[in-house]
Amino acid sequence: MPIHSARALAALTGSLAALSLGGCGPEAVDAELAIVGATLIPMDGPAVPDATVLVRDGRIVALGPRAAVRPTERAELIDAAGGYLVPGLWDLHVHVLNPGAPELAFPGLVANGVTGVRDMNGALSLDSIARLKRALDEGTVVGPRLVVAGRLVDGPARSPGARGPNTAVVTSVDEARAAVDRLADDGADFIKVYHALPLDLLRAVAEEAGARGLTVVGHFPLVARADSAAPLLRSAEHLQGIFESTSPQGDSLRALYQHLIALLSEGSPPTPEMAAEVGRLRRAVASGVDPVRLEALIDRLAEVGTVQVPTLASNRGLYLIPFDAGRTDDPRFGGLAESVRSSWQRAGSPYGGDSAGARAHFAALLDLVRAMKGAGVPVLPGTDLGVPWVYPGSGLHDELGLLVEAGFTPEEALRAATIEAARFLGLRDSLGAIATGQVADLLLLEADPREDIAAVRQIRGVALRGRWLDRRALDSLAAGSD
């Protein structure tokens with residue numbers, strides 16, 4: 001059940017604080033740090049070889065060639081010679097704010113250089129999340145920066161009792177506006193909508209959110225075409241709704257969804273035959289896309305600037321990994337809890353035993369991202385951490401590699417996870433680049449990620465809010481020990 005009480009939140013932060021490391025507590029906030037000798041990749045300017053970056057009170061106060069920047073005597077010196085210094089990475093689609101999830105996810109995120117996440121909905125209340133954010137800022141908990149939705153807003157596809165406690169089920173324009181107001185009052189950073197929300201209610205959510213200074217992100221409605229919903233969303237997730245809106249079979253699928261939503265809103269479950277027909281139509285739309293319609297939709301997405309977060313890592317786990325006989329050979333798999341390993345191994349594919357169909361679907365997703373990027377649709381990285389086969393932190397490394405496979409250059413993928421992610425979140429004034437005045441969320445790599453994005457896996461150290469964690473500390477954190 002969700003954690004709402006002060007006692008429960010204290011237990012959560014206490015268990016996370018047990019993962020803290022020497023030099024990473026509140027007393028480290030005022031420390032000075034000098035990272036010396038790395039090639040600085042600032043993201044908003046040219047690279048600087050053999051650079052020095054000075055950090056004080058968690059922010060960058062000076063940077064430049066080693067000869068031009070002198071550390072003070074009190075600064076902790078970090079020998080970064082031969083390394084490459086980049087901003088910390090962002091994962092823009094995670095679900096880590098559920099009971100027990102932060103303890104499992106935070107260490108892996110930080111140890112893999114993910115210093116910020118956009119959490120898309122969990123069971124923790126916004127009040128509890130606010131206190132957790134303060135603990136993270138104060139250094140009593142080690143974890144990434146949090147940008148959060150809190151409750152998601154959805155339509156009446158199921159009875160409220162069948163939802164998680166952090167879903168606002170709305171059935172009218174007035175209810176939609178009231179849900180947005182409650183979230184804004186409680187401190188949500190943005191509004192997330194789900195796919196059972198009809199277009200008229202999505203429009204009401206977007207209007208009220210705009211009036212409250214919040215953006216709306218989430219899923220395209222099941223019963224509407226993506227080109228109609230796109231202007232209402234700042235970002236759309238998982239590439240859902242694209243094939244459905246560009247296939248001749250899409251109208252049949254939307255009509256079936258409309259029928260199912262009507263049944264579910266009355267508390268009537270779908271029959272097995274209906275569920276089977278949904279699966280058949282979903283596979284049909286993916287393999288029967290009209291290229292003319294697809295091009296028109298992509299142009300529309302580029303025109304209105306709806307950011308796409310394709311979560312290729314989780315889509316790979318849905319379409320490819322279930323057919324991979326060696327999926328448990330990944331060394332990361334053995335480090336998971338037994339309950340997690342078991343649940344992942346039980347996860348199947350929408351294609352059942354049709355390996356060729358599933359592989360073709362994933363290949364089509366990669367081609368879709370490639371086409372979107374070529375047309376100027378903004379694409380940013382997110383993993384859907386919390387679903388099978390997405391590993392905390394290193395799952396983002398997987399995502400960046402898949403973006404490169406889909407047509408990004410390594411440098412473009414790096415920019416997407418740093419400066420472009422910060423710009424999308426409205427945090428560019430303090431995050432996303434290495435510059436004077438910026439928060440010192442930094443990543444020291446052994447190799448140049450502009451040449452090979454796999455270099456983001458070769459981490460020598462992480463600066464988290466100006467606190468330095470070397471490789472030994474990161475390994476200790478990931479192992480859950482102090």
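Details of the structure are given in the entry above.
Basis of the calculations
Residues numbered from 1 in each chain as written. Predicted model: local features only at pLDDT ≥ 70, side-chain atom pairs only at ≥ 80, totals over all residues. Heavy atoms only, no water. Helix = DSSP H or I, 4+ residues; strand = E, 2+ residues; numbered from the N terminus. Contact = heavy atoms within 4.5 Å. Areas by Shrake-Rupley, 256 points an atom, 1.4 Å probe, with all protein chains shown as cover. 1 Å grid on protein atoms, 1.4 Å probe; cavity = no way out; pocket = protein on both sides within 12 Å on 5 of 7 lines; lining within 4 Å. Points joined across faces, edges and corners; volume = space filled by probe spheres on them. Nonpolar A, V, L, I, M, F, W, Y, C, P; charged D, E, K, R; others polar. Pairing = 2+ DSSP bridges. Axes fitted to C-alpha atoms, helices over the stretch in contact; angles between N-to-C directions. Buried < 20%, exposed > 50% of the residue type's maximum accessible area, 1.4 Å probe, protein only. Phe/Tyr/Trp six-rings, centres within 6.5 Å; stacked < 30°, edge-to-face > 60°. Lys NZ or Arg CZ within 6 Å of the ring centre and 35° of its normal. Parallel < 35°, antiparallel > 145°, perpendicular 65-115°, else oblique. Left-handed = near helix turned anticlockwise from the far one by under 90°. Salt bridge = Lys/Arg side-chain N within 4 Å of Asp/Glu carboxyl O. Core = buried A, V, L, I, M, F, W, Y, C linked by side-chain atoms within 4.5 Å.

**Examining the overall build of the chain**
Then comes step 1: Counting secondary structure elements, the chain contains 16 helices and 17 strands.
Then comes step 2: Overall, the chain is about 70 × 45 × 45 Å in size when its C-alpha atoms are taken along their principal axes.
Then comes step 3: Here the contacts in the chain between residues at least 6 apart in sequence split such that 74% fall between residues at least 24 apart.
Then comes step 4: Total accessible area on the chain is roughly 18800 Å²; 52% of this is exposed by carbon and sulfur atoms.

**Side note on the layout of surface pockets**
Then comes step 1: Reported here for the second largest pocket is a volume of approximately 940 Å³.
Then comes step 2: Around the second largest pocket, the lining is made up of 37 residues, and of these Leu104, Ala105, Leu336, Tyr391 and Pro392 lie nearest the centre.
Then comes step 3: Going through the elements one at a time, α2 (101-111), α11 (338-346), α13 (394-405) and α16 (471-478) are the ones with two or more residues in the lining of the second largest pocket.
Then comes step 4: Per-element tally for the lining of the second largest pocket: the top contributor is α2, with 7 residues.
Then comes step 5: In terms of residue class, the lining of the second largest pocket is built from 23 nonpolar, 9 polar and 5 charged.

**Some remarks on the sheet that holds strand β7 (residues 114-119)**
Sheet strands pair via backbone hydrogen bonds, and the direction of the pair is either parallel or antiparallel.
Then comes step 1: Taken in spatial order, the 3 strands line up as β6-β7-β8 in an open sheet, and their pairing is parallel. The open sheet has two free edges, formed respectively by β6 (89-94) and β8 (145-148), since each of these has just one partner strand. The mean angle between the axes of side-by-side strands here comes to 20°, regardless of whether they run parallel or antiparallel.

**Observations concerning the sheet that holds strand β11 (residues 191-193)**
Then comes step 1: With parallel pairing, 6 strands are arranged side by side in an open sheet as β10-β9-β11-β12-β13-β14. Looking at the sheet topology across the chains shown, the edges are occupied by β10 (167-169) and β14 (307-309). On average, each strand axis in the sheet is tilted by 30° relative to the strand beside it, whichever way the strands run.
Then comes step 2: Here strand β12 (residues 216-218) runs beside strand β13 (residues 235-237); their pairing, made up of 2 bridges, is parallel. Directly across from glycine 218, in β13, lies its bridge partner alanine 236.

**Some words on unusual backbone geometry**
Then comes step 1: A positive phi angle, near 65°, is found at leucine 239, a position not held by glycine.
Then comes step 2: With respect to the secondary-structure elements, leucine 239 resides in the loop between β13 and α7 (250-265).
Then comes step 3: In this model, aspartate 384 sits at a positive phi of 70°, which is unusual for a non-glycine residue.
Then comes step 4: Note on placement: aspartate 384 falls in the loop between α12 (355-375) and α13.
Then comes step 5: Judged by relative accessible area, which is 10%, aspartate 384 ranks as buried.

**Quick word on the packing of aromatic side chains**
Then comes step 1: Going through the model one piece at a time under the given rule, you end up with 4 aromatic pairs.
Then comes step 2: On the basis of an interplanar angle of 70° and a centroid distance of 6.0 Å, the ring pair of tyrosine 319 and tyrosine 351 is categorised as edge-to-face. Of this pair, tyrosine 319 sits in helix α10 (residues 312-319) while tyrosine 351 sits in the loop between α11 and α12, and the two are 32 residues apart along the sequence. We note that tyrosine 319, like tyrosine 351, is buried.
Then comes step 3: Sitting above the plane of the phenylalanine 190 ring, arginine 118 keeps its charged end 5.7 Å from the centroid.

**Some thoughts on the packing of α2 against α16**
Between two packed helices, the angle of one axis relative to the other and the distance separating the axes together describe the packing.
Then comes step 1: The interhelical angle for the contact between α2 and α16, taken along N-to-C directions, is 160°, at an axis separation of 8 Å. When the axes of α2 and α16 are compared, the pair comes out roughly antiparallel. Here α2 and α16 pass one another in a crossing that is left-handed. Residues Pro107, Val110 and Ala111 of α2 pack against Arg471, Leu474, Leu477 and Ala478 of α16.

**Describing empty space enclosed by the protein**
Then comes step 1: Taken as a whole and judged by the stated rule, the model has 2 cavities of 30 Å³ or more.
Then comes step 2: Taken as a whole, the largest cavity holds about 50 Å³ of empty space.
Then comes step 3: The wall of the largest cavity is formed by Pro87, Gly88, Trp90, Thr115, Leu431, Gly432, Val439 and Asp441.
Then comes step 4: Across the lining of the largest cavity, the residue classes break down as 4 nonpolar, 3 polar and 1 charged.
Then comes step 5: Taken as a whole, the second largest cavity holds about 30 Å³ of empty space.
Then comes step 6: Surrounding the second largest cavity, Glu32, Leu33, Leu54, Val55, Arg56 and Val61 form its lining.
Then comes step 7: Taken together, the elements giving at least two residues each to the lining of the second largest cavity come down to β1 (32-40) and β2 (48-56).
Then comes step 8: Considering every element that reaches the lining of the second largest cavity, the biggest residue donor is β2, with 3 residues.
Then comes step 9: Looking at the lining of the second largest cavity, its residues break down into 4 nonpolar, no polar and 2 charged.

**Looking at the pattern of salt bridges**
Then comes step 1: Scanning all chains against the criterion turns up 30 salt bridges.
Then comes step 2: A salt bridge links arginine 66 to aspartate 50; the nearest nitrogen and oxygen atoms lie 2.9 Å apart. Of this pair, arginine 66 sits in the loop between β3 (59-65) and β4 (76-79) while aspartate 50 is found in strand β2, placing the two residues 16 residues apart along the sequence.
Then comes step 3: For aspartate 50, a relative accessible area of 36% translates into the label partly exposed.
Then comes step 4: Two residues, arginine 300 and glutamate 303, come together in a salt bridge whose shortest N-O distance is 3.3 Å. Residue arginine 300 and its partner glutamate 303 are located together in helix α9 (residues 291-304), separated by 3 residues, close to a single helical turn.

**Notes on the environment of alanine 337**
Then comes step 1: Position of alanine 337 among the secondary structure elements: in the loop between α10 and α11.
Then comes step 2: Sequence separation of alanine 337 and proline 388 is 51 residues, and the distance between their C-alpha atoms is 13 Å.

**Quick word on the nonpolar core**
Across soluble globular proteins, nonpolar side chains have a tendency to be buried as a group.
Then comes step 1: The biggest cluster of nonpolar side chains holds 122 residues, and the ones touching the most others in it are Val153, Ile191, Val193, Val205, Val216, Phe220 and Met372.
Then comes step 2: Per-element tally for this core: the top contributor is α12, with 7 residues.

**Concerning the side chain of histidine 93**
Then comes step 1: Residue placement: histidine 93 occurs in strand β6.
Then comes step 2: If we skip the residues at most four places from it in the chain, histidine 93 touches Arg118, Met120, Lys192, Glu237, His238, Val309, Thr311, Gly382, Thr383, Asp384 and Leu385.

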